[in-house]
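Now for the letters of each chain:
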Amino acid sequence: MQILHPFAGSVQQYTEQLADPNRHRPSHCPQCRANHPLTAHGFYTRTLSDVAFDGIIRVRRYLCQACQRTVSLLPEFALPYLRSSIVVIALFLLTRLLPAQTLAAAPPAMPYQRGQFWMRRFRAQAEALCAALAALTKPRPAPDFVHRALIMLESTGWIAAHRFLFAGLRHHLLGWPRGLAPDGRRAAFSSADAPA
Ligand SMILES: [Zn+2]
């Protein structure tokens, strides 16, 4: 399963401190609750497209000796199964769905299909996001759930909201792909965590 890396910072800072397996080694297994530190178990690689980075990052994996399942520590700027970083997705959605928003950064150039895919998934998630984020921030008046969800994400901070949704509720910011259980786990174990 994927859990969030405790680290917070830039892509570059993340890659620099990844060498030390002890630094953020989980002290117990989140899957079988075995109460002993997990064993370092290499990395998997995935693509990441961020504002100032486009390439391959490593994601550290640990193995639970009790249940023989792996746990990977996903950095907070990346979403499972999506190549683009949260910041890039957020900029795009704000520009397209909340045009009155004044943005400091220029909207990212995005292949048409990919942008449509994000907007479709975000629209499908909006009502559930509003309900979940009400625990973090007060709902604001807005014409519809899409606007309200965007305003709530802006006031919470997208990465802070993602941390809360993913770590606390196992919600994916844009919804889990079809074929995964509601909490994002496959019914049968698979180590293929590469993003689409
Ligand atoms: Zn375990």
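Our subject is the structure that appears above.
About the thresholds
- Residues numbered from 1 in each chain as written.
- Predicted model: local features only at pLDDT ≥ 70, side-chain atom pairs only at ≥ 80, totals over all residues.
- Heavy atoms only, no water.
- Donors = N, O, S within 2.8 Å, 3.2 Å for Na, K, Ca; no water.
- Tetrahedral: all angles 85-135°; square planar, octahedral: opposite > 155°, others 65-115°.
- Helix = DSSP H or I, 4+ residues; strand = E, 2+ residues; numbered from the N terminus.
- Axes fitted to C-alpha atoms, helices over the stretch in contact; angles between N-to-C directions.
- Parallel < 35°, antiparallel > 145°, perpendicular 65-115°, else oblique.
- Left-handed = near helix turned anticlockwise from the far one by under 90°.
- Contact = heavy atoms within 4.5 Å.
- Nonpolar A, V, L, I, M, F, W, Y, C, P; charged D, E, K, R; others polar.
- Salt bridge = Lys/Arg side-chain N within 4 Å of Asp/Glu carboxyl O.
- Buried < 20%, exposed > 50% of the residue type's maximum accessible area, 1.4 Å probe, protein only.

*Asks:* Run through the coordination of the zinc ion, naming residues and quoting values.
*Replies:* On the protein side, the zinc ion has Cys-29 (SG), Cys-32 (SG), Cys-64 (SG) and Cys-67 (SG) as donor atoms, found 2.3 to 2.4 Å from it. Considering all 4 donor atoms around the zinc ion, angles at the metal cover 105 to 114° and the coordination shape is tetrahedral. Going along the chain, you hit the donors of the zinc ion in the pattern C-x2-C-x31-C-x2-C. Taken as a pair, Cys-32 in the loop between helix H1 (11–16) and strand E2 (39–50) and Cys-67 in the loop between strand E3 (53–63) and strand E4 (70–74) lie far apart in primary sequence, 35 residues in all.

*Asks:* Run through unusual backbone geometry, naming residues and quoting values.
*Replies:* Backbone phi values are negative for most residues with the exception of glycine, while trans is the configuration of most peptide bonds. Even without a glycine there, the phi angle at Gln-68 is positive, about 60°. In this structure, Gln-68 sits in the loop between E3 and E4.

*Asks:* Would you mind going over the packing of helix H2 (residues 86–97) against helix H4 (residues 145–156) in detail, with residue names and values included?
*Replies:* Packing of H2 against H4 leaves a shortest axis separation of 11 Å and a crossing angle of 135°. Between H2 and H4, the angle falls in the class oblique. Considering the relative orientation of H2 and H4, their crossing is left-handed. On H4, the residues that touch Leu-93, Leu-94 and Leu-97 of H2 are Val-146, His-147, Leu-150 and Glu-154. The residue inventory of the contact of H2 with H4, partitioned by class, reads 5 nonpolar, 1 polar and 1 charged.

*Asks:* Talk me through the environment of Val-59; I want residue IDs and the actual numbers.
*Replies:* For Val-59, the position within the fold is in strand E3. Taking C-alpha positions, Val-59 is 8.3 Å from Leu-18, a pair spaced 41 residues apart along the chain.

*Asks:* Would you mind going over the pattern of salt bridges in detail, with residue names and values included?
*Replies:* The full count for this structure, using the stated rule, is 2 salt bridges. Ionic pairing is found between Arg-83 and Asp-54, a salt bridge with its closest N-O pair at 2.9 Å. Here Arg-83, found in the loop between E4 and H2, pairs with Asp-54, found in strand E3; they are 29 residues apart in sequence, far enough to count as distant. Close ionic contact of Glu-76 with Arg-163 constitutes a salt bridge, the shortest N to O distance being 2.7 Å. One end of the pair, Glu-76, is in the loop between E4 and H2; the other, Arg-163, is in helix H5 (residues 158–169), with 87 residues separating them in the sequence. Since its relative accessible area comes to 25%, Arg-163 is described here as partly exposed.

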